[in-house]
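Coordinate inspection notes
Letter by letter, the chains look like this.
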Amino acid sequence: DTAVSQTPKYLVTQMGNDKSIKCEQNLGHDTMYWYKQDSKKFLKIMFSYNNKELIINETVPNRFSPKSPDKAHLNLHINSLELGDSAVYFCASTRVRGGREGQDETQYFGPGTRLLVL
Amino acid sequence: AQKITQTQPGMFVQEKEAVTLDCTYDTSDQSYGLFWYKQPSSGEMIFLIYQGSYDEQNATEGRYSLNFQKARKSANLVISASQLGDSAMYFCAMRARGAGSYQLTFGKGTKLSVIP
C-alpha cells in the first residue's frame, strides 16, 4: 500500500515541451504539497493546496501550475520546460489540524520524479 | 521568516557508534514543529522523528532521538548504534505556518557515511 505515489518516476524531455507529473495519496490527508529538490539537494516548497486553497511560493515561475481534481490528487503541470527545471520533484501530503501542533502534521513524501530537460 | 541551519555538510561514523547531527533553527513563532527526514541514495524522503515546541520531553523513535534545547534553538538528531543502512542524507525541517498552510522549511542536509 503506497501512501503517496507519483508518476512518472523518471521524465526526460526536450526544452520547450509541456509535461505533467501526477501525485496521489491514499492517507485521507487534506493538504498536499509540491517541493523541488535541486542538484545540491536543497528542498524548497513550490505549492501547497488545502481544501481548494492554493498557496504559491512567489519564486515559482508561472509556467508551473498545480491542478487538483479531488482531495487525493495534486498534479503538477509545467509549460515550456527550461534546462533549469531539471530537478527532483516531490509530492507530499499531511493532515493539518488547527491550533497546537501535533505529529499528525507530519508530511509524508512520494518517491519523487526525476526530471531531466535536454 | 523561518530558517534551518545544518552546519555539517558531511559526517563519518564507525558502525555501532552513536552520532549526533546538528540542527539549529530560527523562528518568531511560539508554536512550531521540528522534523528529521532521511534520504537514502535511492532518493525517497523518509520521516524519522518529530518534536513539538511544547513537548517537554525529547522525542525518541527506536534508535533515533531528538536532543531538543529550546533556549538554544537547537534540535539535534542522535542516532545510536549506527548501521551501514544509516548512510544517507539527513534533513532537519521546521513547520512554518504560512498563510494557513503548514509548509516545511528544510536545512541543507548532512550526508552521513557509516564506516564498517
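A short tour of the structure in this document, coming up. (Residues numbered from 1 in each chain as written. Chains lettered and ligands numbered in written order. Predicted model: local features only at pLDDT ≥ 70, side-chain atom pairs only at ≥ 80, totals over all residues. Heavy atoms only, no water.)

**Notes on the pattern of salt bridges**
- By the definition in use, this model includes four salt bridges over all chains.
- In this structure, A:Glu82 and A:Arg63 form a salt bridge, with 3.4 Å as the shortest nitrogen-oxygen distance. Here A:Glu82, found in the loop between β8 (75-78) and β9 (87-94), pairs with A:Arg63, found in the loop between β6 (53-56) and β7 (64-67); they are 19 residues apart in sequence, far enough to count as distant.
- Take A:Arg63: its relative accessible area is 13%, and that puts it in the buried class.
- Taking the shortest distance from any N to any O, the salt bridge between B:Asp86 and B:Arg63 comes out at 2.8 Å. Of the two residues, B:Asp86 sits in the loop between β9 (74-79) and β10 (88-98) while B:Arg63 sits in the loop between β7 (60-61) and β8 (64-69), which places them 23 residues apart along the sequence.
- Residue classification places B:Asp86 among the buried positions, given a relative accessible area of 2%.
- B:Arg63 gets classed as partly exposed once you look at its relative accessible area, which sits at 23%.
- Salt bridges here are not isolated pairs; linked through shared partners, they connect A:Arg63, A:Glu82 and A:Asp85. (Salt bridge = Lys/Arg side-chain N within 4 Å of Asp/Glu carboxyl O. Helix = DSSP H or I, 4+ residues; strand = E, 2+ residues; numbered from the N terminus. Buried < 20%, exposed > 50% of the residue type's maximum accessible area, 1.4 Å probe, protein only.)

**Describing the sheet that holds strand β3 (residues 19-25) of chain A**
All names here are of chain A.
- Across the sheet, which stays open at both edges, the four strands sit in the order β1-β3-β8-β7 with antiparallel pairing between neighbours. Edge strands, defined here as strands with exactly one partner in the open sheet, are β1 (4-7) and β7. Along the sheet, successive strands turn relative to each other by an average axial angle of 20 degrees, direction set aside. (Pairing = 2+ DSSP bridges. Axes fitted to C-alpha atoms, helices over the stretch in contact; angles between N-to-C directions.)

**Considering the state of the cysteines**
- One pass over the structure, following the stated rule, counts two disulfides over all chains.
- Across the disulfide, A:Cys23 is cross-linked to A:Cys91 (sulfur-sulfur distance 1.8 Å). Measuring the twist about the S-S bond at about -75 degrees, one finds the A:Cys23-A:Cys91 disulfide to be left-handed. Of the two residues, A:Cys23 is situated in strand β3 and A:Cys91 in strand β9; the sequence distance between them amounts to 68 residues.
- Residue A:Cys23 is classed as buried on the basis of its relative accessible area of 1%.
- One disulfide bridge connects B:Cys23 with B:Cys92, the sulfur atoms lying 2.0 Å from each other. Taking the sign of the S-S torsion, about -65 degrees here, the bridge from B:Cys23 to B:Cys92 comes out left-handed. A residue pair is termed long-range when its members are at least 10 positions apart, and B:Cys23 in the loop between β3 (19-21) and β4 (24-26) and B:Cys92 in strand β10 qualify at 69 residues. Considered together, B:Cys23 and B:Cys92 belong to a single accessibility category, that of buried residues. (Disulfide = S-S within 2.5 Å.)

**Brief notes about the side chain of A:Gln6**
Residue and element names in this part refer to chain A.
- Tracing the sequence through the fold places Gln 6 in strand β1.
- Overall, Gln 6 belongs to the buried group, its relative accessible area being 6%.
- Here Cys 91 takes part through its backbone nitrogen, which lies 3.0 Å from a polar atom of the side chain of Gln 6.
- A distance of 3.0 Å separates a polar side-chain atom of Gln 6 from the backbone nitrogen of Gly 112.
- Gln 6 has contacts with Ile 21, Lys 22, Cys 23, Trp 34, Tyr 89, Phe 90, Cys 91, Gly 110, Pro 111, Gly 112 and Thr 113, leaving out every residue within four places of it along the chain. (Polar contact = N/O pair within 3.5 Å; in protein donor to acceptor, adjacent residues only side chain to side chain. Contact = heavy atoms within 4.5 Å.)

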